[in-house]
Amino acid sequence: MSNRPIYLDCHATTPVDERVLAAMIPYFTEKFGNPASISHVYGWEAEAAVKQTREILATAINASPEEIVITSGATEANNLAIKGVAEAYFQKGQHIITVATEHKAVLDPCAYLKTLGFEITVLPVQKDGLIDLIELEKAIRPETILVSVMAANNEIGVLQPLSAIGEICRDRNILFHTDAAQAIGKIPLDVQAQKIDLMSLTAHKVYGPKGIGALYVRRRNPRVQLAPQQHGGGHERGMRSGTLYTPQIVGFGKAVEIALAEQATENQRLTQLRLKLWEQLSQIEGVHLNGHLTQRLPGNLSISVDGVDGAALGLGLQSIMAVSSGSACNSAVTAPSHVLTALGHPPQLAYASVRFGIGRFNTPEEIDIAAKHAIATIRSLRKQTTLV
Ligand SMILES: *Cc1c(COP(=O)(O)O)cnc(C)c1O
């Protein structure tokens, strides 16, 4: 293990915390029952475990347990929220507003709806990655049914002003969905105070297992209608059929419980590590911070570097640290990141970018090693360019 690169890619995924794994294990073997089995103890104990996770998630976002719909992750939750609302409300209107820096799991369902005749407004962001609330207000039309704006960005860590957006939407009777995949357990979330109607969650960015998530669906003031996108046995009050995956659900609950208990101290620690990294990297010229300086996830540092080739930068870093570079989340395609492009970066600079995702298991020593190596790599690449 020790000679593997330092893991600094916590926005892509995180390891399962040992405490989470320990909680999950009994539910693979002794407690293997189907939570939908109502006539024996095997079913009851599984159902009790699922109920506990619903309660933990509900408490985490100030919702009630019946408003939690279990999904396979945030991608499915986003699809269910956006397509489910579109299908349920199309007679009211066919206009949806989202943002250029959203995850593909929001942008692609919107693009799909466009092929069905919906109109989609994709708001730009300002240089710091934040949306302009006046632009949002201007984009709203009588036929707008949904606004989807993420809580925390997965590339540049920027936190959007949820309360202000919620206020604008509620005043105009428009549903507000937020993709909180990067936010749960890391920043305070409150669906009442922030006037959120739908919220997508996932476990694997917060030291839980992959393949499990949830969608919060508001049941009161207003009651959100949702057309199911997967039909079957009528699980999750008909909104998402399929046998519940109890071990993953238990892990999700445990992961969020731990994250909330440790949130305040962990955020302080991560902020210090991020500032330590930025302090060193910002010593060299032509290194730009992407996204708002303070309104960002504690563990996120995204930089773009002048005068180096993006691919060479990525290659130069990879033996020492596991980070995302250039086209970040869409590594299957070699286009510059749509998020960095939305900040106004030309392709060259968008390619020459590095996303550091600092997490629970990183140490100050690792941050120093990463910073030193990144600086050396940038210097050496620049020297090579001047020689040519
Ligand atoms: C990771 C992520 C997703 C996708 O979540 P999965 O659970 O992997 O499907 C969606 N949105 C954001 C912002 C993410 O960071």
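Just so you know, these numbers come straight off a predicted model, no measurement behind them. (Residues numbered from 1 in each chain as written. Predicted model: local features only at pLDDT ≥ 70, side-chain atom pairs only at ≥ 80, totals over all residues. Heavy atoms only, no water.)

Student: Just checking my understanding: could you explain the pairing of strand β10 (residues 300-305) for this structure?
Tutor: Successive residues of a regular strand alternate their side chains across the two faces of the sheet. For β10, the buried fraction is high: six of the six residues fall into the buried class. The two faces of β10 match: Asn 300, Ser 302 and Ser 304 on one face and Leu 301, Ile 303 and Val 305 on the other face are all buried. Where strand β9 (residues 287-289) meets β10, three bridges bridge the pair, whose relative direction is antiparallel. Bridge pairing in β10 links His 288 to Ser 304. Relative to strand β13 (residues 353-357), β10 runs antiparallel, the two being bridged by five bridges. (Buried < 20%, exposed > 50% of the residue type's maximum accessible area, 1.4 Å probe, protein only. Helix = DSSP H or I, 4+ residues; strand = E, 2+ residues; numbered from the N terminus. Pairing = 2+ DSSP bridges.)

Student: How do you make sense of a nonpolar patch on the surface when you look at a structure like this?
Tutor: Nonpolar side chains collect at one region of the surface, where Val 16, Leu 21, Ile 25, Phe 28 and Tyr 245 lie side by side and expose about 440 Å² of accessible area between them. Within the secondary structure, Leu 21 sits in helix α1 (residues 18-24). What makes Leu 21 partly exposed here is its relative accessible area of 36%. (Patch = residues over 30% accessible without salt bridge, like charges linked within 9 Å, V, L, I, M, F, W, Y side chains within 5 Å. Areas by Shrake-Rupley, 256 points an atom, 1.4 Å probe, with all protein chains shown as cover. Salt bridge = Lys/Arg side-chain N within 4 Å of Asp/Glu carboxyl O.)

Student: Explain the domain arrangement of the protein chain here, please?
Tutor: Where the parts come together, the accessible area they lose is often given as the size of the interface. Each assigned domain of the protein chain is listed with its residue range as follows: domain 1 (6-13 + 264-387) and domain 2 (18-256). Each of domain 1 and domain 2 has a C-alpha centre, and the two are 28 Å apart. Of the residues lining the interface, 26 residues belong to domain 1; the matching set on domain 2 comes to 30 residues. Between domain 1 and domain 2, the buried area comes to about 2300 Å², and carbon and sulfur atoms account for 54% of it. For the pair domain 1 and domain 2, the number of links is 13 residue pairs in polar contact (both at pLDDT 80 or more). Listed by contribution, the elements that provide at least two residues to the side of domain 1 that touches domain 2 are β10 and α9 (338-342). Examining the composition of the side of domain 1 that touches domain 2, we find that four residues originate from one element, α9, more than from any other. Taken together, the residues of the side of domain 1 that touches domain 2 sort by class into 10 nonpolar, 13 polar and three charged. (Domains from an automatic or database assignment. Contact = heavy atoms within 4.5 Å. Buried area = accessible area lost by both parts, 1.4 Å probe. Polar contact = N/O pair within 3.5 Å; in protein donor to acceptor, adjacent residues only side chain to side chain. Nonpolar A, V, L, I, M, F, W, Y, C, P; charged D, E, K, R; others polar.)

Student: Whenever I open this one, the packing of aromatic side chains confuses me. Can you help?
Tutor: Aromatic rings considered in pairs are described by the distance between their centres and by the relative angle of their planes. A full pass over the atoms with the stated rule returns two aromatic pairs. A ring pair is formed by Phe 32 and Tyr 42, whose centres lie 5.4 Å apart and whose planes are at 40°; its orientation type is tilted. Residue Phe 32 is found in the loop between α1 and α2 (41-61), and its partner Tyr 42 is found in helix α2; the two are separated by 10 residues along the sequence. Using a relative accessible area of 52% as the deciding quantity, one classes Phe 32 as exposed. Note on Tyr 207 and Phe 361: the rings are 5.7 Å apart at their centroids and 90° apart in plane angle, and the pair reads as edge-to-face. (Phe/Tyr/Trp six-rings, centres within 6.5 Å; stacked < 30°, edge-to-face > 60°.)

Student: Help me understand the pattern of salt bridges in this model?
Tutor: A pair can form between side chains of opposite charge whenever their charged atoms are brought close. One pass over the structure, following the stated rule, counts 18 salt bridges. Of the charged contacts, one joins Glu 257 and Lys 254 as a salt bridge, the two residues approaching to 3.3 Å between their closest N and O atoms. Note that Glu 257 and Lys 254 are positioned in helix α7 (residues 246-281) at a spacing of three residues, about one turn of the helix. Judged by its relative accessible area of 27%, Lys 254 falls in the partly exposed class. The network of salt bridges with shared partners includes Asp 17, Arg 19, Glu 262 and Arg 360.

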